[in-house]
Every structure is written in structure tokens, then in C-alpha cells.
Amino acid sequence: YSKQRTDKSQPLSDAEVVELGKATQSEVVVTGNYLLTGDQLVIQARAIDVMSGRVSVSESIKTRVNNSLFDNINTLAQKMSEDMAKELPPLRERT
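One structure accompanies this document, and this report is about it. Nothing here was measured: the structure is a model prediction, and the numbers come from that model.

**Some words on a nonpolar patch on the surface**
Then, number 1: On the surface, a nonpolar cluster with roughly 340 Å² of combined accessible area is contributed by Tyr34, Leu36 and Val65.
Then, number 2: With respect to the helices and strands, valine 65 occurs in the loop between β3 (55-64) and α2 (69-87).

Structure representation (C-alpha cells):
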């Protein structure tokens, strides 16, 4: 899939994420980014439902750079996991 993209410096669009999800037979794709401004760091994550193409869950966390990065990522992952359990139907079992 990545060989098809011409501008790899730009983040994937929602349509590209859906295409990637379909190509990998995924039901949900979690994507994210970060923004660093001075000593402030914002980490964002989104869960995109591959079938509908809509963003089902979106969370972000704001922190200072000197705080524990891994603790903040774990906090964001926990929030995403809880929200996804509420907002998305259970994933089907793979055989």
C-alpha cells in the first residue's frame, strides 16, 4: 500500500486510512499524531470504523515535554480503549 502513495510526508487522509483498513481486512484503524509547541505536547488518537468511514472515537492528551511520555501514551491508550468498548460493536472473531 505505501508504495502507492506519492507524498509520504503528509499524514494519511481518512479515505486512505479506510482504504488501508480494507486492504488489511481490518474493522477499525487507530491513527494518531502529535503536536509540539515549545514545551507543550499534544498527542491525539482516532479510531476510524472501516465500514462506515467515520471517526468513531477521538481522544487527546496535553502535557509538558518533561513529563513521562510513556505514562501519557498509556493514559491515552486506556482512554481510547474504554471509549472504543462503548462506541464500537464488538469485533468479530477471526478464524
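**A short note on the environment of methionine 84**
Then, number 1: Relative to the helices and strands, methionine 84 is located in helix α2.
Then, number 2: Assessed through its relative accessible area of 21%, methionine 84 is described here as partly exposed.
Then, number 3: A sequence separation of 26 residues divides methionine 84 from serine 58, and the C-alpha atoms of the two residues are 9.2 Å apart.
Then, number 4: With near-sequence residues (within four places) excluded, methionine 84 lies in contact with Val28, Val30, Ala47 and Val57.

**Quick notes on the nonpolar core**
Then, number 1: Grouped together as the largest cluster of nonpolar side chains are eight residues: Leu41, Ile43, Ala45, Ala47, Val57, Ile61, Leu76 and Met80.
Then, number 2: Every element with two or more residues in this core is listed here: β2 (40-49), β3 and α2.
Then, number 3: Per-element accounting of this core gives the leading share, four residues, to β2.
Then, number 4: Excluding residues that lie within four positions of it along the chain, alanine 47 makes contacts with Val28, Val29, Val30, Arg54, Val55, Ser56, Val57, Met80 and Met84.
Then, number 5: One finds Val17, Val18, Val29 and Val50 within the second-largest nonpolar core, a separate group that totals five residues.

Definitions and cut-offs
Residues numbered from 1 in each chain as written. Predicted model: local features only at pLDDT ≥ 70, side-chain atom pairs only at ≥ 80, totals over all residues. Heavy atoms only, no water. Patch = residues over 30% accessible without salt bridge, like charges linked within 9 Å, V, L, I, M, F, W, Y side chains within 5 Å. Areas by Shrake-Rupley, 256 points an atom, 1.4 Å probe, with all protein chains shown as cover. Salt bridge = Lys/Arg side-chain N within 4 Å of Asp/Glu carboxyl O. Helix = DSSP H or I, 4+ residues; strand = E, 2+ residues; numbered from the N terminus. Buried < 20%, exposed > 50% of the residue type's maximum accessible area, 1.4 Å probe, protein only. Contact = heavy atoms within 4.5 Å. Core = buried A, V, L, I, M, F, W, Y, C linked by side-chain atoms within 4.5 Å.

So far we have only geometry, and geometry alone does not tell us how the molecule works.
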